[in-house]
Amino acid sequence: MAAHVPQRPGVVRLDPAHPPRRWPSWLPAALWLLLLAALPWWLGLPLLLACAGMLLWRAQAWPWSPPALRRALRWGLPGWLLAALRADGLDALGWLMTLLAALVGFSLLVLLENWLDRARSRAAAQAAQSDDQAEWPQLALRPVAPPANIIELDPVCWQDLRAGALADPLGGTLAWQGDALALPGGGSVAGVEPRCAHAADGRWLALPLRHQRGVLLLDRRRGERYRLRGWHLAGWHAGQPWLARDDEHAPLAIAHVLGRDVDD
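Residues numbered from 1 in each chain as written. Predicted model: local features only at pLDDT ≥ 70, side-chain atom pairs only at ≥ 80, totals over all residues. Heavy atoms only, no water.

Caption draft 1: Examining the sheet that holds strand β12 (residues 252-253) more closely. If you walk across this open sheet you meet the 3 strands as β10-β11-β12, and the pairing is antiparallel. Of all strands in the sheet, those bounded by a partner on one side alone are β10 (232-237) and β12. (Pairing = 2+ DSSP bridges. Helix = DSSP H or I, 4+ residues; strand = E, 2+ residues; numbered from the N terminus.)

Have a look at this one:
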């Protein structure tokens, strides 16, 4: 035998096995449409005008909320048009008068809803404007270009080859023989001045060109030579040579000067 559970006064307990029946939300609107379609048009029109008047004045004494009144106008207008068509007859003139009434009625309904939503639209526009004004200082202070990196070049240390053999960072010695530079392991470089500078890891070897303004760069890792006329060695950065046309222009990395990547 199940025990009786006392309930507090004013508290209604719902049985989960028998939930309350919920009517479809469109059912009242459909009944309203059928009611206005069944009533004479001269009786349904005052009802629609009364709904519009309650929306315009927004009296606090009315028991209906503005959304319910809007639905009453949206669903009631088609019902009233059906009543007007039934009164005018189903001939061509009746259809024409009903279409004209529908055009005027729905246009007035759209104007009414736009007028009722004017405060909401104005608030949305002011909120958007305030957001734009709040973001404007941030946009004004935001940099328009990628952040710049300050690159400090290591100075160039030229070494005189005629003073004697120089130790090569890659092994062996660099020696000046006659009018050319003798490289370790064989090979020579002619047409250059008897002084050189090399990167810290020894990959790049720079020699000034003889009888002309320019520099000869040897990529000893790839075994390539670059004779760059009109350029001079401005410094080293991350083991790469940086070159400049003159003192008025900023130095450029070797990849920019050659127009291609030189890294392995």
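Caption draft 2: Main features of the pairing of strand β3 (residues 173-177). The alternating pattern of β3 places L174 and W176 on a buried face and T173, A175 and Q177 on a face that is not buried. Joining the antiparallel neighbours strand β2 (residues 166-167) and β3 is a turn of 5 residues, in which G171 adopts a positive phi near 110°. With 3 bridges joining them, β3 and strand β4 (residues 180-182) adopt antiparallel strand pairing. Residue pairing across strands places A175 opposite A182, the latter belonging to β4. (Buried < 20%, exposed > 50% of the residue type's maximum accessible area, 1.4 Å probe, protein only.)

Caption draft 3: Inspection of the packing of helix α2 (residues 41-57) against helix α4 (residues 92-116) at higher detail. Across the interface, α2 lies against α4 with an axial gap of 11 Å and an inter-helix angle of 20°. If you check the angle between α2 and α4, you find them roughly parallel. The handedness of the crossing between α2 and α4 is left-handed. Listed contacts from α4 to A52, L55 and L56 of α2 are L112, W115 and L116. In the contact of α2 with α4, the residues fall into 6 nonpolar, no polar and no charged. (Axes fitted to C-alpha atoms, helices over the stretch in contact; angles between N-to-C directions. Parallel < 35°, antiparallel > 145°, perpendicular 65-115°, else oblique. Left-handed = near helix turned anticlockwise from the far one by under 90°. Contact = heavy atoms within 4.5 Å. Nonpolar A, V, L, I, M, F, W, Y, C, P; charged D, E, K, R; others polar.)

Caption draft 4: Structural detail: unusual backbone geometry. The backbone phi angle of H211 is positive, close to 65°, even though this residue is not glycine. Examined against the element boundaries, H211 turns out to sit in the loop between β7 (204-208) and β8 (214-219). The exposed category is assigned to H211, whose relative accessible area is 79%. At A238, a residue that is not glycine, the phi angle is positive and equals roughly 55°. Accessibility expressed as a relative area gives 68% for A238, which makes it exposed.

Caption draft 5: Broad picture of the pairing of β7. Most of β7 is tucked away: 5 of the 5 residues are buried. Two successive antiparallel strands, strand β6 (residues 195-198) and β7, enclose a turn made up of 5 residues, where G202 displays a positive phi of approximately 80°. Two successive antiparallel strands, β7 and β8, enclose a turn made up of 5 residues, where H211 displays a positive phi of approximately 65°.

Caption draft 6: Representation of α4 in the model. Helix length check: α4, at 25 residues, gives a terminal C-alpha distance of 36 Å against a target of 36 Å (1.5 Å per residue), a fit within 8%. Residues of α4 that are buried: G94, T98, A102, G105, L109, L112, E113 and L116. (Expected span 1.5 Å × (residues − 1).)

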